[in-house]
Each structure stands twice: as structure tokens, then as C-alpha cells.
Amino acid sequence: MNQSKVEPEPFEYTYYDYPDWDSSDPKPTARPQEVIPPCDPTADDKLFHICMLSISLVVMLILAALNKKNRFCRGFTRGSSSIFSPVNFLDQTQNKGLAMAVFGIVFSKLAVLVLAPDPLPFSQDTPAELKEYMKIISIFYYPVLYYPLLVCGTLQSKAGYAFGSLLSLGHFGILLWQKFDCPQTPEIYKYYALLASLPQLACLAYLCVQFPLLYLKGPKHDEDLDSSYYINYVKSVLKKKSSTASCSSTEKPKLAERIRDTIKSYIYTPEKVFRFPLQLAVSTFIAFVAMYHTALLLVVLVVPTLHIVRAGIDENIAFLLLGFNIVLSEDRMEVVQIVIFYTWLLEVCYLCAMTLSCLVSLIMLMRSMILHRSNLKGLYRGDIYNVYNCQKTIRPSKPGIVCWMGLAGYQAALISLGMIIQTIVFLICFVFLVFLILIPIFSGRNLILFHIAAKAWPVWVTLTLVTALQHVTAKFAFIKQDAGTRDLDNRGSLFLLTYLLYLVNIVLGLVVAIWRLVISALYNILHLGRIDISLLHRTSESCDPAYRYYAHSLKVEVSQSHPVMKAFCSLLLDVQVQSGSAGQKIRDAEEGIQIVHQEKRQSKPGSCRRIRSRWQLLYTLVNNPSLLGSRKHFQLQNTESFLNGLNRLNGTQNYSSKEASKPAGETAETPGTPETPEIPAN
């Protein structure tokens, strides 16, 4: 017997369908939660990475072949531009935009990688037990993937700029294509992947514009020492300061001027004759990118959750609060409205705290840039105590190299952690202000804080009066001024008042201790993201790891990139390369690198020129004491002093016998007395 199979009709969900409808208690069906399905873009990520790795390898081989053999070997051994040395971190005159953009791309990939379900693009549906290992591998994979972009910009050749344009355009086009195909993803928040890729897209777009511009301009063959930056820096050091500035510094500034100077001290303005080292420039830019990613995570992890909680509040919340003896109202619907309003206020407090944390981090980062410049210029002058609490030798060291290599990473990690902690602290402060002060004042209920303050008002009035009494008596009764000097007065009354107020000052000391704890905690939290200052005392700053890394890295930077040292090295190299024009340059250097070229005068005795050059050399060394250790006679000073010490020792042993053999009227000369050394001409 044939039985026809009846296919079931497909079920269509509608919000107006009530299958369990009861006429006595009708309730609408709850709206289902939005589910974002996984999205696979048309441009497969695995295929793209395989193709891009192959193309990058071919580009690296072509660039290596185009470089001359001698330049390739010299670059490998001496650290000049080659495929094995992608960027010269100690060159202050190079274009920093390319390196900063590539570092920004790599950091953006790392920030997205932390929460990605598949850390590597070559594997999908990564098992949970292998995900951590994949993340470790991907930490090394993505720097290798974007390494050719850095090499193309450093080689300073048209071929490198052309290949850089192609590679950056390929990365930018595929990434933009993938985000248009799949703007929503199921990770954390539906638009998190799109928003997290914005810094990467911005850096790639900058490279797509910068590489063609460099290709049209042509490569620059000027080396680091051939730049005029170092000569201009020396000219600025030798330039005389205006007398008006010194006169104005002695005058006491007005209140408006002090406020303006305070605001200016937190706003970074570039100077003409100063360039940031590449390492510090990269760390500052990465800090900005880290601030964006941290703020994005703080928003997408909390705000959507608060929206879900607020949407799920119903009348049952009144019974839940009643279990804790909290009665907001007799009407349950009014309780629902109050709780929804409180949840909205909590969201506002959180957003305000996060915004304030971003502003504080931005201001502190700009302040750090100003102090970076101040510390570098101070170390260039030889002001060691501006950074260190004891005498230090500015030269590379093993911990200095390690700290210099990781400076950008330390800065990004510190500012991210600092923003998270600042957001939590600011949220607690805003919640305390809104829910314990503002809402009770406007509603007239739950005045718990005000009741506690009302019970303790006699104590606060007593402490206020005692503090005011001590200040008033100290000003009018216990201090006398006679002939322009100050001295104690009414000492008996002073001793009596000190004894009577002893117990009250103990209570005041307790208040001061709590206030000190709050201020120190807030200060350290606000400055947690800064590495240019120590959060500990001056004598204990070596125990602050972040500041110790920063101080060690400055040793490497200053010892290898001193502008005055490079200016003199440039002049010495010109002597070896050229004879005529370099001779004129070295004569100009001996004349003190004249700021304004004067007319040539008639030849005078050589002694006048030699004396002038010695005094100008002395002026340069006084303004740059750190260069003193590079001079030949200074390096031989220890050996000479040792030999002189031996001679003096031998002279004193034979002194008594020689003195006895001399005539009575002959004056004896003191052995070992050195002649006054002349300042050697450079």
C-alpha cells in the first residue's frame, strides 16, 4: 500500500505568534538574542598569506641582487643599509614615518591576535590546547611578514620604493576587501574586528601614499654624517643667548604667565634644531596606537553587556532587591524604571571614566615627549644628574643594550595597563559621586553619607578650628620680623600651645596620613604609563624597573648619536674624502664653526689663530662635557697619571739623600711638579 509522505511545512518565526497563549495572562514572546554567524571573506586569508609570503621572498631576493656586492657585505658587517639591517635606529636624520607605520601595523596585528580564535591564518578551528602555541608562533610570524616593507624604505633605491608600493598596496587592498565582505564577526562585539583594523588600515594607507612619493622624488644618497642637522645643532650650541631672556628670568612671573607656562609644559611643540631619535619616536607612536586598542577593548567588553543587562530587567528585580531589604518603591513598575535608570547612569559613569583615562594618558604622553627632549639635551651637555642620581659614565653596556632594544615594547605595555587601572579608579570615583552624593541630594532618599557626616561634624569642626588656630598664631604671635630677619617670639606661649594641642595633632596626623595615601596612590596611578620619571624616591629609582630601562637606553642613545660628536666625525671624514674643500671645512671647524661668515682678514701671526681656536675648543667642551672622554689625551690620562705616580714615589725615596748632598744656599725644587698643560688644538 502506497503511502504518500507529507513534507512538513517550514517553521517561520514571528514575534506575534503566541503558541502558549493564555487568555487569563497573555505575555508576548521574548525577542531572541541577535546571533552573528561566522563569515568567510571572498579573499581567503590563508591563500593571501601564502601568496604574499612568496612575493615578499622574491622581492627580497631581487633587492639583494640589485645591491652591489661590496655594499651588501659592508652593510652586513657594519650595520649600513642592506636587507639584513632594515632600519638604522641610531640615525636621527632619516625619514621616521615609514618605520613608525610598519611598527604600528605589527602592533595592531598583535592587539587583534590576543582575542582571535585562530592566531595563524594557515590553520582554522584551532584546538584549545594548541591555541597558546599558535599565538607564540604568530608573534614571530607577523614581524617577518611585514619585514620587506621596512627593507624597501631603508635601501633608498627606486627599485625598493617600487616594490614597497606594490607590497603595501597588496596588503591594503586585500585587508580592505576582507573588511567590506565581512564587517561583522562573532568575536566579542560584532564590529570589533572592523574597528580594531582601523589603525592597520591607516598605516597601510600611509605607506601606499609615501612609497610612490619617494619613488617620484628619487633616492637620497646622503649618509647620516652628511646631513646638515648636526652642523646646525652645533651652531645653536655656540650661539650666544640673548640678554633679554636672562633679564626676564630674574623677574617673578605673574599668575597668568605661570598658568600659561604650566599649560605649555604639557603641550609638545617641535623645535627646529632638535630631532627625536627613531627609537623614542617609534615608542611614542606605538603608545598612541596602544591607547586606541585599549580604549576599544574597554568599550566593547563592558558597554554591550550593560545594554543586555538593562534590556533584561523586569518586575522580578523588585523581589530580588526585597531579599536584600532594599525597597526603592511600592510599585514594581516604578522599581523597574528606577533600576533601568541606575543602570544607564552606571554606563554613563563608565564611559566618563574611560574618556578621562584616555585624556590623562594623552596628556602624560605629551609630557613624556617634552621630558624626553629635555633629558636628551641635558645629557648632550653632560648634565648627568638630570637623569641619574649619581655619577654615571655614558657608554653602552649589556643591560643598556637590552633595555634600548625593548623600549618601545615597554612603553606600549605600561600605557595599556595604566589605562585599565585608571579607568577602574575613575569609575569608582564617579560612582561614589553620582550614587552617594548627587542622586541622594536630588531624590531626598538614601542619605547615608550625609547622615554619617552629620554625626561626625563636631570632630571636623574641632580639627578645622585647631588647624586655623595654629596658622593664625604662627603668623601673628610666634613670628617677629626685625631688621629684615625673622625670629621666634613669645616662646613660652609657643611651648604651652604645643603641649595642649598634642593629642589633637595626633588626630590631624591620622587625617594627613590617609590623605597622603590617597594622593600618592592617585599620583602613581596617573603616572603609571610614563617611563621617563620614577614612581619611587630619588635614592630608590634604581628599584623602578621601567625607569631603569629608560635610563639605560638613554646611555646607548647618547653615546652613539651625540650631535656634536657626529658633526666632528663628519668634518674628519671630509678630510679623508676631499682635500681642497675639506681643508676649508676643517679650518672653519677650528675657527669654532662660525655662525655668521665674516670677511677674510689679512694674514696674522699663527699664534693668534691658534689661541682663538683653543679657546673656542674649550668653549665647546665646556658646553658638551660628555665629549671630553672621546679626546685622545683624555684617554691617555690614566696611563700618564700612573707613570707620574711611580716617578713621584721613586723621587720621594731618594729625596732625603739628595737633599743632604745639596749646598745650603741652593734651593731645592719639588720633584714631580708638572708643567701647566696647554689646551691642545683640535
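Here the structure is a predicted model, which is why all the values come from computation and not from measurement.

Of the regular secondary structure elements, the protein holds 27 helices and two strands. Expressed as a percentage of its 682 residues, the buried residues of the protein come to 33%. Partitioning the contacts of the protein with sequence separation of at least 6, the portion at a separation of at least 24 is 74%. Of the accessible surface of the protein, which amounts to about 44100 Å², a share of 63% is contributed by carbon and sulfur atoms.

The next thing to look at is the pairing of strand 1 (residues 479–482). The two faces of the sheet receive side chains in turn, since in a regular strand these alternate between them. Across four bridges, strand 1 lies against strand 2 (residues 485–488) in antiparallel orientation. Looking across to strand 2, one finds that I479 is bridged to L488.

Grouped together as the largest cluster of nonpolar side chains are 54 residues, with contacts concentrated most on L63, Y146, L149, L207 and F211. For this core, the element with the most residues is helix 12 (residues 278–311), which contributes ten residues.

Turning to the packing of helix 5 (residues 147–154) against helix 8 (residues 198–217), a few remarks are in order. How two helices pack is summed up by the angle between their axes together with the distance between the axes. Where helix 5 meets helix 8, the axes come as close as 12 Å, and the angle between the chain directions of the two elements is 30°. With respect to each other, helix 5 and helix 8 are oriented roughly parallel. In the crossing of helix 5 with helix 8, the sense of the turn from one axis to the other is left-handed. Facing L149, C152 and G153 of helix 5, the residues of helix 8 in contact are L204, L207 and F211. Partitioned by chemical class, the residues of the contact of helix 5 with helix 8 number five nonpolar, one polar and no charged.

To continue, consider the pattern of salt bridges. Per the counting criterion, the structure on display carries seven salt bridges. Between E315 and R332 there is a salt bridge, with its nearest N and O atoms 3.8 Å apart. Linking E315 in the loop between helix 12 and helix 13 (316–323) with R332 in helix 14 (residues 332–381), this pair joins segments that are 17 residues apart in sequence. Classification of R332 by relative accessible area gives partly exposed; the value is 39%. A salt bridge links R491 to D487; the shortest N-O distance between them is 3.8 Å. Salt bridges sharing partners connect three or more residues here, namely E271, R373 and K377.

Applying the stated criterion across every chain, the model contains 13 aromatic pairs. Residues Y268 and F276 carry aromatic rings whose centres are separated by 5.7 Å and whose planes lie at 55° to one another, so their mutual orientation is tilted. F276 matches Y268 in its accessibility class, with the two residues each being buried. Ring centres of F274 and F276 lie 5.8 Å apart, and the angle between their planes is 75°; this geometry places the pair in the edge-to-face category. Since its relative accessible area comes to 6%, F274 is described here as buried. On the basis of relative accessible area, F276 is assigned to the buried category, the value being 11%.

Our next topic: empty space enclosed by the protein. Counted according to the given criterion, the structure contains two cavities of 30 Å³ or more. Space inside the largest cavity adds up to approximately 80 Å³. For the lining of the largest cavity, a count of residues per class yields five nonpolar, six polar and one charged. When its volume is computed, the second largest cavity comes out at roughly 40 Å³. Surrounding the second largest cavity, Q279, L280, W404, L407, S553, L554 and E557 form its lining. Elements with a minimum of two residues in the lining of the second largest cavity: helix 12 and helix 21 (545–560). With three residues, the top contributor of residues to the lining of the second largest cavity is helix 21. By residue class, the composition of the lining of the second largest cavity is four nonpolar, two polar and one charged.

The contact between helix 13 and helix 14 brings their axes to 8 Å, and the two run at 85°. As judged from the angle between their axes, helix 13 and helix 14 are roughly perpendicular. Residues I317, A318, F319 and L321 of helix 13 lie in contact with helix 14, whose contacting residues are R332, V335, V336 and V339. Taken together, the residues of the contact of helix 13 with helix 14 sort by class into seven nonpolar, no polar and one charged.

Further remarks concern the side chain of T423. By secondary structure assignment, the location of T423 is in helix 16 (residues 407–443). Taking the relative accessible area as the measure of exposure, T423 reaches 2% and is therefore buried. Within the local environment of T423, its side chain forms a polar contact with the side chain of S357, the two groups lying 3.5 Å apart. With residues near it in sequence (within four places) discarded, T423 still touches L298, Y350, A353, M354 and S357.

Locating I139 in the fold gives a position in helix 4 (residues 128–145). Judged by its relative accessible area of 44%, I139 falls in the partly exposed class. I139 sits 33 residues away from V106 along the chain, and the two C-alpha atoms are 9.2 Å apart. The contact partners of I139, leaving out residues within four places of it in the chain, are L110 and L113.

Scanning the model with the defined rule gives zero disulfides in all. C349 takes part in no disulfide bond, and the closest cysteine sulfur, belonging to C352, lies 6.6 Å away.

To continue, consider the layout of surface pockets. By volume, the second largest pocket is sized at about 1100 Å³. The set of elements that each furnish at least two residues to the lining of the second largest pocket consists of helix 1 (45–66), helix 3 (96–113), helix 6 (158–181), helix 7 (192–196) and helix 8. The residue inventory of the lining of the second largest pocket, partitioned by class, reads 19 nonpolar, nine polar and nine charged.

As a further point, take the confidence of the model for the protein. The predicted coordinates of low-pLDDT regions are not to be read in fine detail. Scored by pLDDT, the protein has a mean of 78; 77% of the residues are at 70 or more. In this model residues 1–8 is a low-confidence stretch, pLDDT under 50, and it forms zero contacts with partners more than four residues away in sequence or in other chains. Confidence drops under a pLDDT of 50 for residues 10–23, and excluding neighbours within four residues, the segment shows eleven contacts in the predicted structure.

Another point: the environment of D45. Tracing the chain through its elements places D45 in helix 1. Linking D45 and I174, residues 129 residues apart in sequence, is a C-alpha distance of 8.8 Å. Beyond its immediate sequence surroundings of up to four residues, D45 is in contact with P121 and Q178. At 3.5 Å, the side chain of D45 forms a polar contact with the side chain of Q178.

Let us look at helix 3. Taking 1.5 Å as the rise per residue, helix 3 with 18 residues should run 26 Å; its terminal C-alpha atoms sit 26 Å apart, in good agreement. For helix 3, a buried count of 13 out of 18 residues is recorded, marking the element as mostly surrounded by other parts of the structure.

Conventions used here
- Here the residue index of a chain counts from 1 through its sequence in written order.
- With pLDDT at 70 or above as the cut-off, local features in this predicted model cover only qualifying residues; side-chain atom pairs require 80 or more to be listed or tallied, and sums for whole chains, interfaces and linings still use all residues.
- Hydrogens and water are ignored here; the side-chain numbers use all heavy atoms of the structure.
- We count a stretch as a helix when DSSP gives it H or I for four or more residues in a row; a strand needs E for two or more, and each element gets its number in order from the N terminus.
- Type-normalised accessible area, obtained with a 1.4 Å probe on protein chains alone, sets the label of each residue: buried when under 20%, exposed when over 50%, and partly exposed for intermediate values.
- In this analysis, two residues are considered to be in contact whenever any of their non-hydrogen atoms come within 4.5 Å of each other.
- For the area figures, the Shrake-Rupley method with a 1.4 Å probe applies, and any residue is considered shielded solely by the protein chains shown.
- Here, a strand pair is defined by DSSP locating no fewer than two bridges between the strands.
- Nine residue types can take part in a nonpolar core, namely buried Ala, Val, Leu, Ile, Met, Phe, Trp, Tyr and Cys, and a core is a set of them joined through side-chain atoms within 4.5 Å.
- Whenever a helix is involved, its axis is fitted only over the stretch in contact; in every case the axis is a line through C-alpha atoms, and angles between N-to-C directions fall within 0 to 180 degrees.
- Small angles under 35 degrees read as roughly parallel and large ones over 145 as roughly antiparallel, with 65 to 115 read as roughly perpendicular and the rest as oblique.
- Throughout, a crossing is termed right-handed when the near helix is turned clockwise from the far one, and left-handed when it is turned anticlockwise from it by less than a right angle.
- Throughout, the ten residues Ala, Val, Leu, Ile, Met, Phe, Trp, Tyr, Cys and Pro are labelled nonpolar, Asp, Glu, Lys and Arg are labelled charged, and all others, Gly among them, are labelled polar.
- Salt bridges are counted wherever a side-chain nitrogen of Lys or Arg sits within 4 Å of a carboxyl oxygen of Asp or Glu.
- Centre distance within 6.5 Å is the pairing criterion for rings of Phe, Tyr and Trp, where only the six-membered ring of Trp is used; planes under 30 degrees apart are then read as stacked, over 60 as edge-to-face, and the remainder as tilted.
- Residues are called lining when one of their atoms sits within 4 Å of a cavity or pocket point, these points coming from a 1 Å grid over the protein atoms alone, where a cavity is a set in which a 1.4 Å probe fits but cannot get out and a pocket is an open set with protein on both sides within 12 Å along at least five of seven lines.
- Grid points are joined across faces, edges and corners, and a volume is the space filled by probe spheres set on the points.
- Pairs of N or O atoms are called polar contacts if they sit within 3.5 Å, as long as, within protein, a hydrogen donor faces a hydrogen acceptor (for residues adjacent in sequence, only side-chain-to-side-chain pairs).
- Only a pair of cysteine sulfur atoms within 2.5 Å qualifies as a disulfide here.
- Along the chain, pLDDT gives the predictor's confidence residue by residue, from 0 to 100.
- A helix's residues, less one, multiplied by 1.5 Å, set its expected span.

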